[in-house]
Amino acid sequence: MATALSKPPPGFVTLSALDAGHLSLPEHMFVNDADPVKKNLVPSLSFLIRHASPDGSVTNLVFDLGVKRDLNYTPAQQNELDIWRPLITETDCAKSLRNGVADAPGGASNGVLLDPTKDIDYIIISHAHWDHTGTPSDFPTATFAVGSGTLDLFQNGAGPAYPSIFFNKDELPALRTVEFPPVVRTGVYGNEPFAPKHTPLPSNTQAKPPAVAASWAWKPFGDLPNALDFFGDGSLYVVDTPGHIYGHVNLLARLGERRYVYLAADCCHDRRLVTGEKEIGLYDDGHGGLRSIHTDTEEARRSLERLKTFLKNHRAEGNEVELILAHDPVWRKENVHACWPGKV
Ligand SMILES: [Zn+2]
């Protein structure tokens, strides 16, 4: 009894969507039985998550930074941008934080709502792809947190499937970045032996992770086998979701006693994969075979199935869980009220 009473009540966060650029996805690269030439203009969403401490102080965390405003990518990345055009970059993550999302209630503010140069404490990047890393230099005081292996991936790539020319070695500030602990896996994931290695925190680090980070560990949460309690109060879980690319993570945010939002990043790029109307798209890999948009298609399929099972069972237990994909134009259109300074 004493144990139950001394356990602190669960914490909650608020969550707002941020416009952070748009790109166009060739449909056949994402779903099966697609029109071979059709492209869909989609957002690359960022999210602002605000966490209040018992002392009343508010911590601001941003999940994903979207597309780079100036498209200042490596030459190899630039050469591939045509695949994703049309691209829209005029409203990026930093601008959305500063002025609010233009069409949201209270958006297009003339004043500064949040100053990216000093008001953002943490930035979690879901994975190393160009349309999620945005412009980290806009956030000179934030601590970055990424999945294990992400820093090595930026530095060295990961074998023939992920040449280093498609990554910027200095994408993230090494001294202000912390990697989540490695996940112990069974079986082979991706193109081992090229899988990137974990980077421990350097001794001269300037990163300021939450105090609880010293005891961060992957534990089951419902049907999710590997979830990490970011603030240590059950308000925000980082969820290991292997398959798309090394280090890919999702977030589960707790907004109320039984109210959650699941940010699925690139677990899938089309809501019809969640409803079961479509399967993961396969296309020519340029070497006589087929590939998908994921590093390890089977692993990505398992991550998506686990997510569907989690949603089903967590809802059956009486919880409300809203699922938001990084690139869902329908969600963005229907949820203007949830865009900063509005909230979900
Ligand atoms: Zn991606």
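From a predicted model like this one, the values you see are computed outputs, not experimental measurements.

Undergrad: Which parts of the structure should I look at to understand the pairing of strand 6 (residues 122-125)?
TA: Residues in a regular strand project their side chains so that they alternate between the two faces of the sheet. Side-chain alternation along strand 6 places Y122 and I124 on one buried face and I123 and I125 on a second face that is also buried. As paired strands, strand 5 (residues 58-63) and strand 6 are joined by 3 bridges and run parallel to one another. Within strand 6, the position partnered with F63 by the bridge is I124.

Undergrad: Quick question: what am I supposed to make of helix 7 (residues 297-316) here?
TA: Helical geometry: 3.6 residues make up each α-helical turn, so side chains three or four residues apart lie on a common side. Taking 1.5 Å of rise per residue, 20 residues should cover 28 Å, and helix 7 covers 29 Å from first to last C-alpha, within 8% of that figure. When helix 7 is considered as a whole, its buried residues turn out to be T297, E299, A300, S303, L304, L307, F310, L311 and H314. Take helix 7 and look down its axis: the buried residues cluster within an arc of 165 degrees, on one side only. More than 90 degrees from the buried face of helix 7, the exposed residues found are K312 and A316.

Undergrad: Explanation requested: the sheet that holds strand 1 (residues 13-18) in the structure shown.
TA: Paired through backbone hydrogen bonds, the strands of a sheet run either parallel or antiparallel to each other. If you walk across this open sheet you meet the 6 strands as 1-4-5-6-7-8, and the pairing is mixed. At either margin of the open sheet sits one strand with a lone partner, and together these are strand 1 and strand 8 (177-179). Taken over all neighbouring pairs, the strand axes of this sheet differ in orientation by 25 degrees on average, direction set aside. Of the strand pairs in this sheet, strand 1 and strand 4 (residues 46-52) are connected by 6 bridges, and their pairing is antiparallel. Bridge pairing in strand 4 links S16 to L48.

Undergrad: Which parts of the structure should I look at to understand the sheet that holds strand 12 (residues 249-256)?
TA: If you walk across this open sheet you meet the 6 strands as 9-10-11-12-13-16, and the pairing is mixed. Strand pairing shows two members of the sheet lacking a second neighbour, strand 9 (219-221) and strand 16 (320-325), which therefore form its edges. The sheet shows a mean angle of 35 degrees between the axes of neighbouring strands, taken without regard to direction. Of the pairings in the sheet, the one linking strand 11 (residues 236-240) to strand 12 comprises 5 bridges and is antiparallel in character. By the bridge assignment for strand 12, V238 is matched with L251. Along the sheet, helix 7 contacts strand 9, strand 10 (224-229), strand 12, strand 13 (259-265) and strand 16; its crossing angle with strand 16, the most-contacted strand, is approximately 155 degrees.

Undergrad: Just to check I follow, could you spell out the coordination of the zinc ion for this structure?
TA: The textbook angles at a metal center are 109.5 degrees for a tetrahedron of four donors and 90 or 180 degrees for an octahedron of six. Note on the zinc ion: its protein donors are H127 (NE2), H129 (ND1), H244 (NE2) and D266 (OD). The metal-donor distances range over 2.2 Å. Considering all 4 donor atoms around the zinc ion, angles at the metal cover 87 to 175 degrees and the coordination shape is irregular. As a motif over one chain, the donors of the zinc ion read H-x1-H-x114-H-x21-D. Of this pair, H127 sits in the loop between strand 6 and helix 4 (130-133) while D266 is found in the loop between strand 13 and helix 6 (272-275), placing the two residues 139 residues apart along the sequence. In this structure H127 comes out as buried when scored by relative accessible area, which is 1%.

Undergrad: Looking at this model, I keep getting lost on the pattern of salt bridges. Mind explaining?
TA: Should the charged atoms of two oppositely charged side chains come close, the side chains can pair. Scanning the entire structure with this criterion turns up 17 salt bridges. Put simply, R69 and D92 hold a salt bridge, and the shortest N to O gap is 2.4 Å. Taken together, the positions of R69 in the loop between strand 5 and helix 2 (75-80) and D92 in the loop between helix 2 and helix 3 (93-99) put the pair 23 residues apart, joining distant regions of the chain. Judged by relative accessible area, which is 37%, R69 ranks as partly exposed. E305 is the salt-bridge partner of K308, the closest N and O atoms lying 3.2 Å from each other. Placement of both K308 and E305 in helix 7 is noted, with a separation of 3 residues, approximately one turn of the helix. Taking the relative accessible area as the measure of exposure, K308 reaches 23% and is therefore partly exposed.

Procedures and definitions
Residues numbered from 1 in each chain as written. Predicted model: local features only at pLDDT ≥ 70, side-chain atom pairs only at ≥ 80, totals over all residues. Heavy atoms only, no water. Buried < 20%, exposed > 50% of the residue type's maximum accessible area, 1.4 Å probe, protein only. Helix = DSSP H or I, 4+ residues; strand = E, 2+ residues; numbered from the N terminus. Pairing = 2+ DSSP bridges. Expected span 1.5 Å × (residues − 1). Arc of directions from axis to C-beta. Axes fitted to C-alpha atoms, helices over the stretch in contact; angles between N-to-C directions. Contact = heavy atoms within 4.5 Å. Donors = N, O, S within 2.8 Å, 3.2 Å for Na, K, Ca; no water. Tetrahedral: all angles 85-135°; square planar, octahedral: opposite > 155°, others 65-115°. Salt bridge = Lys/Arg side-chain N within 4 Å of Asp/Glu carboxyl O.

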